[in-house]
Amino acid sequence: MNLRPLHDRVIIKRLDTETKTASGIVIPDNATEKPDQGEILAVGPGKRDDSGKIIALDVKIGDRVLFGKYAGQTVKVEGDELLVMREEDIMAVVQK
């Protein structure tokens, strides 16, 4: 991937959602909600504090994270739909 996020931004790929319910009903694409989980593909160097020192991010590449339904900015890169958002918009890291 040729994207390098700046400051405290991260690039996230949304995880696919189930298109079928437990009882076997198929949910059409236009009726499904966007997933609120994703995997971090790239992280920026961090945010600068008042003295100019860089504060590193708490998340890393490969982390599975939770975020708000409307968080981040959607961009298309090489046919993939990705999210660019600030670290503060991430609510939690999913532990495996």
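## Quick look at the sheet that holds strand β2 (residues 37-43)
Next up, step 1: If you walk across this open sheet you meet the 6 strands as β6-β7-β1-β2-β5-β8, and the pairing is antiparallel. Since the sheet does not close on itself, it has two edges, and those belong to β6 (73-77) and β8 (90-94), each with one partner. For this sheet, the mean inter-axis angle between neighbouring strands, taken without regard to orientation, is 45°.

## Describing the pairing of strand β7 (residues 80-86)
Next up, step 1: Looking at chain direction, strand β1 (residues 9-14) and β7 are connected through 5 bridges and run antiparallel. Considered in β7, the bridge of Lys-13 is made with Leu-82.
Next up, step 2: Relative to β7, β6 runs antiparallel, the two sharing 5 bridges. Each bridged residue has a counterpart across the sheet, and for Lys-76 the counterpart in β7 is Glu-81.
Next up, step 3: The hairpin turn running from β6 into β7, its antiparallel successor, is 2 residues long, and Glu-78 in that turn takes a positive phi close to 50°.

## Focus: the nonpolar core
Next up, step 1: Membership of the largest hydrophobic core is limited to 11 residues, which are Val-10, Ile-12, Ile-40, Leu-57, Val-59, Val-65, Phe-67, Ala-71, Leu-83, Met-85 and Ile-90.
Next up, step 2: What Leu-83 contacts, discounting residues up to four positions off in sequence, is Val-10, Ile-11, Ile-12, Arg-14, Phe-67, Ala-71, Gly-72, Gln-73 and Thr-74.

## Regarding the pattern of salt bridges
Next up, step 1: In total, this model carries 3 salt bridges according to the counting rule given.
Next up, step 2: In this structure, the salt-bridge partner of Arg-86 is Asp-8, at a minimum N-O distance of 2.7 Å. Taken together, the residues Arg-86 in strand β7 and Asp-8 in the segment before β1 connect sequence positions 78 residues apart.
Next up, step 3: Residue Asp-8 is classed as buried on the basis of its relative accessible area, which comes to 4%.
Next up, step 4: For Lys-13, the salt bridge is made with Asp-80, and the minimal N-O distance between the two is 3.7 Å.

Conventions we followed
- Residues numbered from 1 in each chain as written.
- Predicted model: local features only at pLDDT ≥ 70, side-chain atom pairs only at ≥ 80, totals over all residues.
- Heavy atoms only, no water.
- Pairing = 2+ DSSP bridges.
- Helix = DSSP H or I, 4+ residues; strand = E, 2+ residues; numbered from the N terminus.
- Axes fitted to C-alpha atoms, helices over the stretch in contact; angles between N-to-C directions.
- Core = buried A, V, L, I, M, F, W, Y, C linked by side-chain atoms within 4.5 Å.
- Buried < 20%, exposed > 50% of the residue type's maximum accessible area, 1.4 Å probe, protein only.
- Contact = heavy atoms within 4.5 Å.
- Salt bridge = Lys/Arg side-chain N within 4 Å of Asp/Glu carboxyl O.

Everything listed here is a matter of geometry and, on its own, says nothing about what the molecule does.
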